[in-house]
Amino acid sequence: MLRMQTAARPDWEKRVSDQGLVFHTTDEGPYWNEGVYYEFTAAQIDVIEAATNELHELCLDEVQHVIQHRRYAQLSIPEVVIPMIEKSWEEEWPSRFPPSTATIR
């Protein structure tokens, strides 16, 4: 992996905000460092991808464990959201709320 220096894009704040990172700048200055990027080899990408996939599987296993053993209280998960968690797990939703249920009441 190589850490490369680059010039900041002139519209970087808008581009970063458009991707959902809205806290890119704090009172102390930019949180997002637009002046560098990282260059990876294909082999390094393969290693990162394999580790990411393994971590994802471990996370899914843990979610299954929490649901099966009803360990919600130990994770401070409010009872009101448990039905939504279980429904999303059963229906295999993506890792975000579908638009129709974005508001928890």
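Residues numbered from 1 in each chain as written. Predicted model: local features only at pLDDT ≥ 70, side-chain atom pairs only at ≥ 80, totals over all residues. Heavy atoms only, no water.

### Here we look at the overall build of the protein chain
Thought 1: On a plain count of helices and strands, the protein chain comes out with three helices and four strands.
Thought 2: Along the protein chain, from the amino end to the carboxyl end, the secondary structure elements read β-α-β-β-β-α-α.
Thought 3: At a minimum sequence separation of 6, the contacts of the protein chain that also span at least 24 residues come to 44%.
Thought 4: Approximately 8,900 Å² of the protein chain is accessible, and the part contributed by carbon and sulfur atoms is 57%. (Helix = DSSP H or I, 4+ residues; strand = E, 2+ residues; numbered from the N terminus. Contact = heavy atoms within 4.5 Å. Areas by Shrake-Rupley, 256 points an atom, 1.4 Å probe, with all protein chains shown as cover.)

### Description of the side chain of Glu34
Thought 1: Assignment of secondary structure puts Glu34 in the loop between strand E3 (29–30) and strand E4 (36–39).
Thought 2: One polar contact links Glu34 to Arg9, side chain to side chain, over a distance of 2.4 Å. (Polar contact = N/O pair within 3.5 Å; in protein donor to acceptor, adjacent residues only side chain to side chain.)

### Digging into the pattern of salt bridges
Thought 1: Per the stated rule, a full pass over the model turns up four salt bridges.
Thought 2: Lys14 is the partner of Asp18 in a salt bridge, and the nearest nitrogen-oxygen pair spans 2.7 Å. Of this pair, Asp18 and Lys14 are both found in helix H1 (residues 12–18), four residues apart, which corresponds to roughly one turn of the helix.
Thought 3: Residue classification places Lys14 among the exposed residues on the basis of a relative accessible area of 52%. (Salt bridge = Lys/Arg side-chain N within 4 Å of Asp/Glu carboxyl O. Buried < 20%, exposed > 50% of the residue type's maximum accessible area, 1.4 Å probe, protein only.)

### Focus: the side chain of His24
Thought 1: Mapped onto the elements of the fold, His24 is located in the loop between H1 and strand E2 (25–26).
Thought 2: Using a relative accessible area of 10% as the deciding quantity, one classes His24 as buried.
Thought 3: One polar contact links His24 to Ser17, side chain to side chain, over a distance of 3.0 Å.

### Concerning the environment of Met4
Thought 1: Secondary-structure assignment places Met4 in strand E1 (residues 2–5).
Thought 2: On a C-alpha basis, the gap between Met4 and Tyr38 in space is 5.8 Å, while along the polypeptide they are 34 residues apart.
Thought 3: Excluding its chain neighbours within four sequence positions, the residues that come into contact with Met4 are Gly35, Val36, Tyr37 and Glu39.

### Some remarks on helix H3 (residues 82–91)
Thought 1: Regarding H3, the residues found buried are Ile82, Met84 and Glu86.
Thought 2: Where H3 is buried, its residues contact helix H2 (42–68).
Thought 3: Positive backbone phi, at 55°, marks Glu92, one or two positions downstream of H3.

### Considerations on unusual backbone geometry
A negative phi angle is the norm for most residues apart from glycine, just as the trans form is the norm for most peptide bonds.
Thought 1: In this structure, Arg70 takes a positive phi of about 50° despite not being glycine.
Thought 2: You can see Arg70 is positioned in the loop between H2 and H3.
Thought 3: Positive phi outside glycine occurs at Ser76, with the angle close to 60°.
Thought 4: Assignment of secondary structure puts Ser76 in the loop between H2 and H3.
Thought 5: A relative accessible area of 63% means that Ser76 is categorised as exposed.

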